Amino acid sequence: MKILVCYFSGTGNTKKVAESIKEGLEGQEVDLQKIKDVDPAEIGKYDLVILGSGIYGGMVSKNIFTMMKKITEFPPKVAFFNTHSSPMSYSKKAYKRIIKKFETEGSKVVGNFECIGENIGVPKEVQEKMLSNLPPEEQEKQRKRLEEIKGRPNAKDLENAKEFAKSIIE
Ligand SMILES: Cc1cc2nc3c(=O)[nH]c(=O)nc-3n(C[C@H](O)[C@H](O)[C@H](O)COP(=O)(O)O)c2cc1C
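### Details of the site of the ligand
In the vicinity of the ligand lie 19 residues, with Ser9, Thr11, Thr14, Ile55 and Tyr56 positioned nearest. In this structure, Ile55 approaches the ligand through a main-chain N or O atom, which is 2.5 Å from an oxygen atom. The contact in question runs from an oxygen atom of the ligand to an N or O atom on the side chain of Thr83, over 2.6 Å. Against a free-state accessible area of 640 Å², the protein chains account for coverage of 80% of the ligand. Those elements that place two or more of their residues in the shell around the ligand are helix H1 (13-24) and strand E4 (77-84). A per-class count over the shell around the ligand returns three nonpolar, 15 polar and one charged.

### Focus: the pattern of salt bridges
Any two side chains of opposite charge can pair, so long as their charged atoms come close to each other. One pass over the structure, following the stated rule, counts twelve salt bridges. In this structure, the salt-bridge partner of Lys141 is Glu138, at a minimum N-O distance of 3.9 Å. Of this pair, Lys141 and Glu138 both sit in helix H5 (residues 136-148), three residues apart, which is roughly one turn of that helix. Residue Lys141 is classed as exposed on the basis of its relative accessible area, which comes to 56%. A salt bridge links Lys150 to Glu147; the nearest nitrogen and oxygen atoms lie 3.9 Å apart.

### Some details on the domain arrangement of the chain
Per the domain assignment, the segments making up the chain are domain 1 (2-117 + 152-169) and domain 2 (120-151). Here the C-alpha centre of domain 2 lies 29 Å away from the C-alpha centre of domain 1. Counting residues at the interface gives nine residues for domain 1, matched by seven residues for domain 2. Of the roughly 560 Å² buried where domain 1 meets domain 2, counting both sides, 52% is carbon and sulfur surface. Of all residues in domain 1, the largest losses of buried area upon contact with domain 2 belong to Thr11, Ser85 and Arg152, amounting jointly to 64% of the total for that side. For the pair domain 1 and domain 2, the interface holds zero salt bridges. Our count for the domain 1 to domain 2 interface comes out at four residue pairs in polar contact (both at pLDDT 80 or more). Here the side of domain 1 that touches domain 2 is built from residues that sort into three nonpolar, five polar and one charged.

### Points about the packing of helix H2 (residues 62-69) against helix H3 (residues 91-104)
Where H2 contacts H3, the axes come no closer than 11 Å and their chain directions differ by 20°. Considered as vectors, H2 and H3 are oriented roughly parallel to each other. Considering only the axes of H2 and H3, their crossing is left-handed. Contacts between H2 and H3 involve Ile64, Phe65 and Met68 from the first element and Arg97, Ile98, Lys101 and Phe102 from the second.

### Concerning helix H6 (residues 155-169)
Each turn of an α-helix holds 3.6 residues, which means side chains three or four residues apart point in the same direction. Helix length check: H6, at 15 residues, gives a terminal C-alpha distance of 22 Å against a target of 21 Å (1.5 Å per residue), a fit within 8%. Among the residues of H6, those classed as buried are Asp157, Ala161, Phe164, Ala165 and Ile168. Angularly, the buried residues of H6 cover 95° about the axis, an arc narrow enough to put them on a single face. Exposed side of H6, more than 90 degrees from the buried face: Ala155 and Lys156 are the residues found there.

### Quick notes on the sheet that holds strand E2 (residues 29-34)
Strands sit in the order E2-E1-E3-E4-E5 across an open sheet of five strands; the sheet is parallel. Whereas interior strands pair on both sides, the edge strands pair on one side only; in this sheet they are E2 and strand E5 (108-116). Taken over all neighbouring pairs, the strand axes of this sheet differ in orientation by 15° on average, direction set aside. Of the pairings in the sheet, the one linking strand E1 (residues 2-8) to E2 comprises six bridges and is parallel in character. Within E2, the position partnered with Tyr7 by the bridge is Lys34. Seen against the sheet, H3 touches strand E3 (48-54), E4 and E5 and runs at an angle of roughly 160° to E4.

Calculation criteria
- Residues numbered from 1 in each chain as written.
- Predicted model: local features only at pLDDT ≥ 70, side-chain atom pairs only at ≥ 80, totals over all residues.
- Heavy atoms only, no water.
- Near = heavy atom within 4 Å.
- Polar contact = N/O pair within 3.5 Å; in protein donor to acceptor, adjacent residues only side chain to side chain.
- Areas by Shrake-Rupley, 256 points an atom, 1.4 Å probe, with all protein chains shown as cover.
- Helix = DSSP H or I, 4+ residues; strand = E, 2+ residues; numbered from the N terminus.
- Nonpolar A, V, L, I, M, F, W, Y, C, P; charged D, E, K, R; others polar.
- Salt bridge = Lys/Arg side-chain N within 4 Å of Asp/Glu carboxyl O.
- Buried < 20%, exposed > 50% of the residue type's maximum accessible area, 1.4 Å probe, protein only.
- Domains from an automatic or database assignment.
- Contact = heavy atoms within 4.5 Å.
- Buried area = accessible area lost by both parts, 1.4 Å probe.
- Axes fitted to C-alpha atoms, helices over the stretch in contact; angles between N-to-C directions.
- Parallel < 35°, antiparallel > 145°, perpendicular 65-115°, else oblique.
- Left-handed = near helix turned anticlockwise from the far one by under 90°.
- Expected span 1.5 Å × (residues − 1).
- Arc of directions from axis to C-beta.
- Pairing = 2+ DSSP bridges.

In structure tokens:
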């Protein structure tokens, strides 16, 4: 299979996941590209496109939508992945419009993966300021959460990403 793994990653978490996905696709013909390097006219030449992004303000990156608008021919199969820092799931919500577009154009959705990515985009001082404005109980909860997600995606998350990739092509 000819496969494209493409992604937007502001602070590197989604990039790590994309690289692990590529590792999991061993034996296939795989291109790994940043979303801004993707030629939308080439998308239809792949058997499978695996599209990923971090979550920013509840959404995937605008760069994904920009690229989507320029696709002329859609691939037979598509899969998605995202990284985010909150405990909720974004798989369906954040890709809703994108999934709809691919399906309307005849692409089959064959997978959707997500994992936690530590929010390293916020400077420590800003984070501290935000935390100090919270009521003590909430502050405690948020600090605990920040500690929990430190270093993610971790080795286990990346192993899961690899397994996800394997499961798609099996
Ligand atoms: C500006 C900004 C907005 C974010 N908004 C959300 C959000 O709405 N929900 C969430 O769970 N995580 C949010 N995050 C956390 C990122 O989704 C998370 O750290 C992700 O792994 C970033 O991926 P990247 O390193 O590939 O850019 C946000 C991070 C930044 C920098």
